[in-house]
Amino acid sequence: AQWSGYDVRYDYMLVRGFQPTTFLNGLILPTGFSSGTHGIPQVEPYGLERIEVLRGAASALYGQVPPGGILNMVSKRPTDVAFGEIQLQTGSFARKQAAFDIGGPVTQDGSLLYRLTGLGRLADTQINFQDEKRVFIAPSFTWRPTADTTFTFLSSYMNNESGFTGAFLPAAGTLLPNPNGRLPRSLFPGEKNYDNFKRELGTIGYSFEHRFNDIVSFTQNLQYAFSNTDSRAINVGGWADANQTLLRRGAVNILNNGHTFTIDNQLKLKLNTGPVSHTILAGVDYQNFKNEFWYRGAANAPVPLNAYNPVYTGFTPTSWITTNHTNQSLSQLGAYVQDQIRYDRWLLTLTGRHDSTELGTFNHVNGATTNRVDNAFSGRAGLNYVFDSGLPPYISYATSFQPVVGTNKAGETFAPTIANQIEAGIKYQPNGSPIFAAFDG
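This one's a predicted model, so the numbers in the text were calculated from it and none came from an experiment. (Residues numbered from 1 in each chain as written. Predicted model: local features only at pLDDT ≥ 70, side-chain atom pairs only at ≥ 80, totals over all residues. Heavy atoms only, no water.)

**Observations concerning the overall build of the chain**
Counting its secondary structure elements, the chain contains one helix and 20 strands. A compact globule built from 441 residues would reach a C-alpha radius of gyration of about 22 Å, and the chain, at 25 Å, matches this within 12%. Referenced to the eigenvectors of the C-alpha coordinate spread, the extents of the chain come out at roughly 80 × 50 × 45 Å. Counting only residues that meet the buried cut, the chain has 45% of its 441 residues in that class. (Helix = DSSP H or I, 4+ residues; strand = E, 2+ residues; numbered from the N terminus. Rg over C-alpha atoms; globule rule 2.2 N^0.38 Å. Buried < 20%, exposed > 50% of the residue type's maximum accessible area, 1.4 Å probe, protein only.)

Okay, structure coming up:
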């Protein structure tokens, strides 16, 4: 996590060397401009029940994901038992935070449940003159009309505003020696009247489950999400003088608006064929993603800043130079089936999926429109054997497929990323323990 250094704007993560696709409740969130991180949403962890990291090629079930894996966040759900908590926190850098989480049954028979989670935060940061403001609210309710049917409504809204804390300083003075000394971690290389970051993230959807009998059950998950960001930053371009005291600077403005509608339909069957048991999962999912990305730089540059005796004079752009402004839309339809086969101590998992995607791009800079259609099959096969010791060795083969949202500097779309993965290892989970470990190679 945070492989790019301290930054309150985004959660930078790598899984097996790749930036994971972020999911909320099993459904993909707006991914934004893929060659940067400007549109990738940051989800408030206080509103989450748990965080799941699935490593490796996972397209067979989840569709367009990178070879490294996915990050799935699960929202807090209503509970059968009434509860409530209020938090008041303070901490370093004048941090002030208040949060609440309440919920429980509305009716005596427990057929209607609710939950309301909220948070507010004001804090400075380790970077001078850069603070953080956050408001988060997440209402949800569950309706159970029968013992076999459950409908859970989920929603959330977050408004975040901060300064530009992702300052990239020169190597000389941080990683390498500088004759003038080490640069302080608190150094703000921008301008107080210019640097700013704003983001809105909203989600609304539901999870519907119905059990027909002991063999067949159906689940439908639906979600609409949007993530809008407006980032103004003064970037450092190295040293402007031979004495390595003055920072060369440039000003940029980055806008990203992403919207995603996703629906996933799943049919599960549990059956036996003689001594062999099967858990079969078949599903169809659909995703529609729209994104506008705008990157522009100021025609004039801020004056160089003395890094060891900073004096801030303010900055106002005279005009803008747009280097990238694109509208993109991605639609994806996928169908998948999986069979988990158990025989004695053996567990064999077979998964197959077919995806059809269409990616359209309009480039505002040159007026060009491009369209790309891709069809791909992805699959997975895994075999486990469970010993009495609780050490099941396993071997698996999986493939992944990911249409790449975004364009290169010429405004051209990218070819999809595809990968093949072979993995073998040993898993271990002590009886009655929540601890789980895997060792792979």
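**Description of the nonpolar core**
Nonpolar side chains in soluble globular proteins generally cluster together in the buried interior. Counting eight residues, the largest nonpolar core consists of Leu24, Leu29, Val43, Leu48, Leu71, Met73, Leu201 and Ala225. Grouped together as the second largest cluster of nonpolar side chains are seven residues, Ala172, Leu183, Trp239 and Leu247 included. (Core = buried A, V, L, I, M, F, W, Y, C linked by side-chain atoms within 4.5 Å.)

**Re the packing of aromatic side chains**
Throughout the structure, instances matching the rule amount to 10 aromatic pairs. Residues phenylalanine 188 and tyrosine 312 carry aromatic rings whose centres are separated by 5.6 Å and whose planes lie at 35 degrees to one another, so their mutual orientation is tilted. Placement of the pair is phenylalanine 188 in the loop between β9 (149-162) and β10 (196-211) and tyrosine 312 in the loop between β14 (305-306) and β15 (320-343), with a sequence separation of 124 residues. Both residues of the pair, phenylalanine 188 and tyrosine 312, belong to the buried class. Here the aromatic cluster, defined as three or more aromatic residues joined through ring pairs, consists of Phe141, Phe151, Phe153 and Tyr206. When the ring centre of tyrosine 46 is taken as origin, the NZ or CZ atom of lysine 76, which lies over that ring, is 4.0 Å away. For the cation-ring pair, lysine 427 lies above tyrosine 394, with the distance from its terminal atom to the ring centre recorded as 4.9 Å. (Phe/Tyr/Trp six-rings, centres within 6.5 Å; stacked < 30°, edge-to-face > 60°. Lys NZ or Arg CZ within 6 Å of the ring centre and 35° of its normal.)

**Structural notes on the pattern of salt bridges**
In this structure the tally under the stated criterion is 16 salt bridges. We note a salt bridge from aspartate 131 to lysine 133, for which the minimum N-O separation is 3.4 Å. Overall, the relative accessible area of 30% leaves aspartate 131 in the partly exposed class. Connected through shared salt-bridge partners, Glu44, Arg121, Glu132 and Arg134 make up one network. (Salt bridge = Lys/Arg side-chain N within 4 Å of Asp/Glu carboxyl O.)

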